[in-house]
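# A look at the structure
Listed here are the chains, written in short residue letters.
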Amino acid sequence: MRTRSIGKALPRTATRVALGLALLAVPATAVATTAGPAAPSRPATADHAPHAARAATGLDDPAKKEIAMQLVSSAENSSLDWKAQYKYIEDIGDGRGYTGGIIGFCSGTHDMLELVELYTERKPGNVLAQYLPALREVDGSDSHDGLDPDYTKDWKKAAQDPEFQQAQNDERDRVYFDPAVERGKADGIGVLGQFAYYDALVMHGDGDDGTSFSGIRKRALAKAKPPARGGDEKTYLNAFLDARVWAMKQEEAHSDTSRVDTAQRVFLKNGNLDLHTPLDWKVYGDSYHLG
């Protein structure tokens, strides 16, 4: 089952601008990398001393990032095999046009357009380049004008190209993964919290409305302080997940909140703030296990 949030102002489109502005408040020392451990972002107080070693590993650690990809894929594709999703594409009838690829790039919410633009910049004349004018025209709508009947076939053909796969990886990181990790580290939250941010960005995008990532975070901050502001991590994450569930329930397509209730909330209740394996969770009634 795939769900996408489009919101009042196409938050996935607004992510490029709004999230960049939001991250201006992130300290320079909190800049995330896409591979390898990062420095702790929590204050070294007595309360947090037991977690000092844990905080040194973020979601951008390669092993943790792989877990994140599998967790998201379980919700987005009902499969742990996220690398099999490069070729995925369909219109799921949610008003966002075609949804495709490893993170659900949408023809109606700008990120699919930017993906194909990046691919074409790197490999001019690729099989999807011919659809750029059409993608620009349908951006912001659910229209298939200029895409049918061969776009989905050509998408699957492009998905066999390692350069297109890499473009998907890079756009996922630029727009969703890296900003989520960076913001999470700035807030002093660990691996699970950074994943909660990432999953929220994937589903809701970012923007000015209350159901975007920034809106969800703002709602959580009104209830609890993150560790970077002296708060308790579990208390803050519970507030964030409460806010996330509220946002999901504002749209019928997101009314099933199991990706929070029987996944992230379970990890939090168990105190697994590092997403250590084994992990057991459910999404949309399906059970998953990582050993």
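Residues numbered from 1 in each chain as written. Predicted model: local features only at pLDDT ≥ 70, side-chain atom pairs only at ≥ 80, totals over all residues. Heavy atoms only, no water.

### Observations regarding the nonpolar core
Counting residues in hydrophobic clusters, the biggest one holds 74 residues, and the most contacted among them are Leu59, Leu128, Tyr151, Tyr198, Phe240, Leu275 and Trp281. A per-element tally of this core places helix α8 (residues 191-204) first, with 10 residues. With sequence-adjacent residues up to four places away left out, leucine 59 is seen in contact with Lys64, Lys65, Ala68, Phe177, Val181, Val191, Gln194, Phe195, Tyr198 and Leu275. (Core = buried A, V, L, I, M, F, W, Y, C linked by side-chain atoms within 4.5 Å. Buried < 20%, exposed > 50% of the residue type's maximum accessible area, 1.4 Å probe, protein only. Helix = DSSP H or I, 4+ residues; strand = E, 2+ residues; numbered from the N terminus. Contact = heavy atoms within 4.5 Å.)

### Some details on the packing of helix α3 (residues 62-77) against helix α7 (residues 162-186)
Orientation of α3 relative to α7, taken along the N-to-C sense of each, is 90°, at an axis distance of 14 Å. Overall, the two elements α3 and α7 adopt an arrangement that is roughly perpendicular. Of the residues in α7, those in contact with Lys65, Ala68 and Met69 of α3 are Arg172, Asp173 and Phe177. (Axes fitted to C-alpha atoms, helices over the stretch in contact; angles between N-to-C directions. Parallel < 35°, antiparallel > 145°, perpendicular 65-115°, else oblique.)

### What to know about α7
With 25 residues, α7 extends 33 Å from end C-alpha to end C-alpha; this agrees with the ideal 36 Å at 1.5 Å per step. At aspartate 173, α7 is bent by approximately 50°, the largest bend along its length. Measuring from the side-chain oxygen of the N-cap residue of α7 to the backbone nitrogen of glutamate 163 gives 2.9 Å; that N-cap residue is aspartate 161. Just beyond α7, the residue with positive phi is glycine 188, at close to 80°. (Expected span 1.5 Å × (residues − 1). Bend = angle between axes of the 7 residues up to and from the residue. Polar contact = N/O pair within 3.5 Å; in protein donor to acceptor, adjacent residues only side chain to side chain.)

### Observations regarding empty space enclosed by the protein
Per the stated rule, a full pass over the model turns up 4 cavities of 30 Å³ or more. Considering only enclosed or pocket space, the second largest cavity measures out at about 60 Å³ in volume. Along the walls of the second largest cavity sit Leu71, Val72, Ser74, Ala75, Phe195, Asp199, Arg259, Ala263, Gln264, Phe267, Trp281 and Val283, which together make up its complete lining. For the lining of the second largest cavity, the elements supplying multiple residues, two or more each, are α3, α8, α11 (258-269) and β4 (279-283). Split by residue class, the lining of the second largest cavity holds 8 nonpolar, 2 polar and 2 charged. (1 Å grid on protein atoms, 1.4 Å probe; cavity = no way out; pocket = protein on both sides within 12 Å on 5 of 7 lines; lining within 4 Å. Points joined across faces, edges and corners; volume = space filled by probe spheres on them. Nonpolar A, V, L, I, M, F, W, Y, C, P; charged D, E, K, R; others polar.)

### Some words on the packing of aromatic side chains
For the structure shown, the criterion picks out 13 aromatic pairs. With a centroid separation of 5.2 Å and 80° between ring planes, the pair formed by phenylalanine 177 and tyrosine 198 is classed as edge-to-face. Here phenylalanine 177 is found in helix α7, whereas its partner tyrosine 198 is found in helix α8, with 21 residues between them in sequence. We note that phenylalanine 177, like tyrosine 198, is buried. Both rings, one in tryptophan 281 and one in tyrosine 288, keep their centres 5.7 Å apart while their planes meet at 20°; by these two values the pair is stacked. The buried category is assigned to tryptophan 281, whose relative accessible area is 3%. Take tyrosine 288: its relative accessible area is 11%, and that puts it in the buried class. Members of the aromatic cluster, joined through ring pairs, are Tyr98, Tyr119, Tyr131, Tyr151, Trp155 and Phe164. Between the NZ or CZ atom of lysine 65 and the centre of the ring of phenylalanine 177, over which it lies, the distance is 4.7 Å. If you follow arginine 219 out to its NZ or CZ, it ends over the ring of tryptophan 246, 3.8 Å from the centre. (Phe/Tyr/Trp six-rings, centres within 6.5 Å; stacked < 30°, edge-to-face > 60°. Lys NZ or Arg CZ within 6 Å of the ring centre and 35° of its normal.)

### Side note on the pairing of β4
By the alternation rule, side chains of β4 split into Leu279, Trp281 and Val283, which are all buried, and Asp280 and Lys282, of which none is buried. Across 5 bridges, β4 lies against strand β5 (residues 286-290) in antiparallel orientation. Paired with tryptophan 281 across the bridge in β5 is tyrosine 288. (Pairing = 2+ DSSP bridges.)

### Considerations on the sheet that holds strand β2 (residues 98-100)
As summarised here, the arrangement of the 3 strands in space is β1-β2-β3, forming an open sheet in which the pairing is antiparallel. Only two strands of the sheet have a single partner each, and these edge strands are β1 (89-91) and β3 (105-106). Of the pairings in the sheet, the one linking β1 to β2 comprises 3 bridges and is antiparallel in character. When the sheet's bridge partners are listed, isoleucine 89 is paired in β2 with glycine 100.

### Overview of the environment of glutamine 160
As for its position among the elements, glutamine 160 is in the loop between α6 (151-158) and α7. With a relative accessible area of 64%, glutamine 160 lands in the exposed category. Sequence separation between glutamine 160 and tyrosine 86 is 74 residues; the distance between their C-alpha atoms is 8.2 Å.

### Looking at the packing of helix α4 (residues 111-122) against α6
When two helices pack together, their arrangement is given by the angle between the helix axes and the distance between those axes. Relative to each other, α4 and α6 sit at 50°, their axes nearing to 14 Å. Taken together, the axes of α4 and α6 are oblique relative to one another. In this structure, α4 crosses over α6, and the sense of that crossing is left-handed. Here α4 contributes Met112, Leu115, Val116 and Tyr119 to the contact with α6, which in turn contributes Tyr151, Trp155 and Ala158. Residue classes in the contact of α4 with α6 are distributed as 7 nonpolar, no polar and no charged. (Left-handed = near helix turned anticlockwise from the far one by under 90°.)

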